[in-house]
Amino acid sequence: MSTTAPQALRRARLRFGGVLRSEWIKLRTLRSTVWAYLVTVVIGLGIALLLAVSLQQSVSPSGRGGPPRLPSDLQTHYGALAATSGVSFAQLAIAVLGVLVISGEYSTGMIRSSFAAVPRRLPVLWAKAIVFGVATFVVGLLIMFASYAIAGPVLSAEGISTSLADDGLVRALFGGAGYLALVGLMSLGIGTILRSAAGGIAVSISILLVLPIIGQLIPADWAHDAARYLPSNAGQGLYSIAIQGDDVLEPWQALLVLAAWAAVALAAGAVLITRRDA
Amino acid sequence: MIEARSLTKHYGSKVAVDGVDFVVQPGKVTGFLGPNGAGKSTTMRMIVGLDRPTRGTVTVDGRPYREHRAPLREVGVLLDAKAVHTGRTARNHLMALAATHGIPARRVDEVIEITGLQAVARKRVGGFSLGMGQRLGLAAALLGDPGTLVLDEPVNGLDPEGVRWVRLLVRHLASEGRTVLLSSHLMSEMAHTADHIIVIGRGRIIADAPVDDIVARATGTTVRVRSPQADALARALETLGAAVAAREPGLLEVNGLDAPRIGEAAASAGIVLHELTPVRASLEEAYLSLTEGEVEYVTTGADAALAHGEVAR
């Protein structure tokens, strides 16, 4: 077929930058993506507002202008708690989306078009991971800072005042966004391994919600220790500001643990994606 | 040019493609013909690296597909019409594929126009008919203006106008010097479209030849002879090694001798002929006789008996 753009076509090459752009187009041109992110934002902000209101009643029962103010580190703790409270719900929408980003290609047959265009295949997975990871991190940051903006005034009306300059607060907000991105990447890896939406979502949600409960139910020290390294428990270390008695990982440890979950799932997916027939 | 050497694919214990060798030449439309389950689609998937061969190799212009720097410029592939995310619009689907190679949006709009998808380009693919899906698949195949086209059942689901359009399109592409491999189980379609045919059955190549040769080779030459002295002629021809069948009084069908030699034999025996006609089988009949016994899923009962009766005749 003759073409009006022969020069541009002759220059056409498969490049990683192009695969990145392709994955960005794929992500933003599906309604399911847009809806999942919208749901994430609405849930995140809604929960933050709810928690701020309930903290207001439980932490300072004495009410307006009440007596002793909480110690400042405790105020920061509650500020971060309210701002990041949406994370544990938002993570479910993100986990589902992470699975769908790849399983949707398998269920519709799109994966064959993708792999015919990029026959080495791995660039598709890495580009998906980068695009989806960055998009989720940005949406996560938006939720975290907006939640802080909503929850802050509600709390400060009751004498729990915080500022972004407080020790650890900005880290907790970035941590919440990073947690969502890493949970999303883990789910992307699981979706790549299982290639099915139902299976991928079931496994991801089990890891995030069911395993921590089982960890609590087993009355043994090893179970308790192991449970600290589950994604949702490790996440607490990343986006909360620990106070005395909290049994959570240090933020940098939590970051490493979560990155390891995402990396292992993606690496297993990468091995399978190159070996299997599409 | 596509070259397959000892190309083999096993799925578990099932052998889908069994050590096939073939070359698909540029400048021609090569038909890839075979019954369902014969290994056509598997072979095509291996050409573009979607399935990994158990043994053997297949190259496009001398290299495995995955080693090309611009795969979409090299091979345009239509494997099945629905290799598309149903939630995306046709244009966005093409834009996403084009982006991988830095193919400009102008080209996307161009292939939309070539395939006649303008009216539905901004509609979600989920609502597409099979025919529109085929057109979108062809648009994707043409995106990189590739030197080789691999099209699995491209006319499936198209209306007669669409079938004619695909036929003209692939003939045009081949006339520009491109390599075109086209699969079908529709023999009549192949007769109109292909220059060369590769027949596959149960994972093996049964025939690989120009269309005319396929027809000739599969049926041999049958010659219809009418004579008032049919019995005497039959005896004379049989002594020359021909197989003779008497269809009705005065009418013979002769295999194993061509028309000139039958005429000479009749003349030397002093036998009068009323008709001497070489009978060309249709490609359909040629194909059925080639793939007899190679069909994986055999129909039983009346339909099969009817079909076979027709071939045997």
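Remember, predicted model here, so these are calculated numbers, not experimental data.

**Let's talk about the overall build of chain B**
Helices and strands together make up the secondary structure of chain B, namely 12 helices and 13 strands. Considering chain B as a whole, with its 313 residues, one finds that 50% of them fall into the buried category. The contacts of chain B with a sequence gap of at least 6 include a subset with a gap of at least 24, amounting to 69%. Carbon and sulfur atoms provide 51% of the accessible area of chain B, an area that totals close to 13,700 Å².

**Points about the sheet that holds strand 4 (residues 55-60) of chain B**
All names here are of chain B. Overall, antiparallel pairing links the three strands, which are arranged 2-1-4 in an open sheet. Strands with a single pairing partner mark the edges of an open sheet, and in this sheet they are strand 2 (14-24) and strand 4. Neighbour-to-neighbour, the strand axes of this sheet turn through a mean angle of 20°, independent of strand direction. Two elements, strand 1 (residues 2-11) and strand 2, share seven bridges in a ladder whose sense is antiparallel. Bridging across to strand 2, Ala4 finds its partner in Phe22. Strands in contact with helix 1 (residues 40-47) are strand 1, strand 2 and strand 4; relative to strand 1, the strand with the most contacts, it is inclined by about 120°.

**Focus on the interface of chain A and chain B**
Listed as interface residues are 40 residues of chain A and, on the opposing side, 49 residues of chain B. For the pair chain A and chain B, the summed buried area comes to about 3,800 Å², and 55% of that belongs to carbon and sulfur atoms. Our enumeration of links across chain A and chain B arrives at one salt bridge. When contributions to the side of chain A that touches chain B are tallied by element, the ones reaching two or more residues are helix 1 (6-10), helix 2 (16-28), helix 5 (87-108), helix 6 (110-117) and helix 12 (251-275) of chain A. Per-class residue counts for the side of chain A that touches chain B are 16 nonpolar, 11 polar and 13 charged.

**A closer look at helix 10 (residues 259-268) of chain B**
Residue and element names in this part refer to chain B. Where helix 10 is concerned, the buried positions are Ala259, Ile262, Ala265 and Ala266. For helix 10, the buried positions fall inside an angular range of 125° around the axis, keeping them on one side. In helix 10, the exposed residues that point more than 90 degrees away from the buried face are Glu264, Ala267 and Ser268. Where helix 10 is buried, its residues touch strand 10 (222-226), helix 9 (230-239), strand 12 (251-255) and strand 13 (275-279). Just downstream of helix 10, Gly270 is the residue with a positive phi angle, here 70°.

**Describing helix 2 of chain A**
Between the first and last C-alpha of helix 2 of chain A there are 18 Å, a value that for 13 residues agrees with the 18 Å anticipated at 1.5 Å per step. Within helix 2 of chain A, the full set of buried residues consists of Gly18, Val19, Ser22, Glu23, Ile25, Lys26 and Leu27 of chain A.

**Some details on the sheet that holds strand 3 (residues 29-33) of chain B**
All names here are of chain B. Taking strand neighbours across the sheet as the criterion, the six strands line up as 5-6-7-3-8-9 in an open arrangement whose pairing is mixed. Each of the sheet's edge strands pairs with one partner strand only, and the pair in question is strand 5 (75-78) and strand 9 (204-210). The mean angle between the axes of side-by-side strands here comes to 15°, regardless of whether they run parallel or antiparallel. Across five bridges, the pairing between strand 6 (residues 148-152) and strand 7 (residues 179-184) is parallel. Each residue of the ladder has a partner; that of Asp152, found in strand 7, is Ser183.

**Overview of the pairing of strand 5 of chain B**
All names here are of chain B. Residue alternation in strand 5 divides its side chains into two sets, Val75 and Val77 and Gly76 and Leu78, and both sets are buried. Here four bridges tie strand 5 to strand 6, and the two strands are oriented parallel to one another. Of the residues in strand 6, the one forming a bridge with Val75 is Thr148.

**Some details on empty space enclosed by the protein**
For the structure on display, the rule yields two cavities of 30 Å³ or more. Around the largest cavity sit 22 residues that line it, and Ser113 and Ala116 of chain A together with Val77, Leu97 and Ala140 of chain B are the ones nearest its centre. For the lining of the largest cavity, the elements supplying multiple residues, two or more each, are helix 6 of chain A together with strand 5, helix 3 (90-101) and helix 5 (130-142) of chain B. The class makeup of the residues in the lining of the largest cavity is 15 nonpolar, five polar and two charged. If you add up the space inside the second largest cavity, you get close to 40 Å³. For the lining of the second largest cavity, the secondary structure elements donating two or more residues are helix 2 and helix 6 of chain A together with helix 3 of chain B.

**A few points about unusual backbone geometry**
Residue and element names in this part refer to chain B. A positive phi angle, near 50°, is found at Ser6, a position not held by glycine. As for its position among the elements, Ser6 is in strand 1. Classification of Ser6 by relative accessible area gives partly exposed; the value is 41%. Here the phi dihedral of Asp145 falls at roughly 50°; this positive angle occurs in a residue that is not glycine. Structurally, Asp145 is set in the loop between helix 5 and strand 6. What makes Asp145 buried here is its relative accessible area of 17%.

**Description of the pattern of salt bridges**
Residues and elements named next belong to chain A. Under the criterion given, the structure shown has 17 salt bridges over all chains. The partner of Lys26 in a salt bridge is Glu23, and the shortest N-O contact between them spans 2.9 Å. Linking Lys26 with Glu23, this pair stays in helix 2, spanning three residues, or about one helical turn. This pair shows no difference in class: Lys26 is buried, exactly as Glu23 is. Put simply, Lys128 and Glu105 hold a salt bridge, and the shortest N to O gap is 2.6 Å.

Rules used throughout
- Residues numbered from 1 in each chain as written.
- Chains lettered and ligands numbered in written order.
- Predicted model: local features only at pLDDT ≥ 70, side-chain atom pairs only at ≥ 80, totals over all residues.
- Heavy atoms only, no water.
- Helix = DSSP H or I, 4+ residues; strand = E, 2+ residues; numbered from the N terminus.
- Buried < 20%, exposed > 50% of the residue type's maximum accessible area, 1.4 Å probe, protein only.
- Contact = heavy atoms within 4.5 Å.
- Areas by Shrake-Rupley, 256 points an atom, 1.4 Å probe, with all protein chains shown as cover.
- Pairing = 2+ DSSP bridges.
- Axes fitted to C-alpha atoms, helices over the stretch in contact; angles between N-to-C directions.
- Buried area = accessible area lost by both parts, 1.4 Å probe.
- Salt bridge = Lys/Arg side-chain N within 4 Å of Asp/Glu carboxyl O.
- Nonpolar A, V, L, I, M, F, W, Y, C, P; charged D, E, K, R; others polar.
- Arc of directions from axis to C-beta.
- Expected span 1.5 Å × (residues − 1).
- 1 Å grid on protein atoms, 1.4 Å probe; cavity = no way out; pocket = protein on both sides within 12 Å on 5 of 7 lines; lining within 4 Å.
- Points joined across faces, edges and corners; volume = space filled by probe spheres on them.

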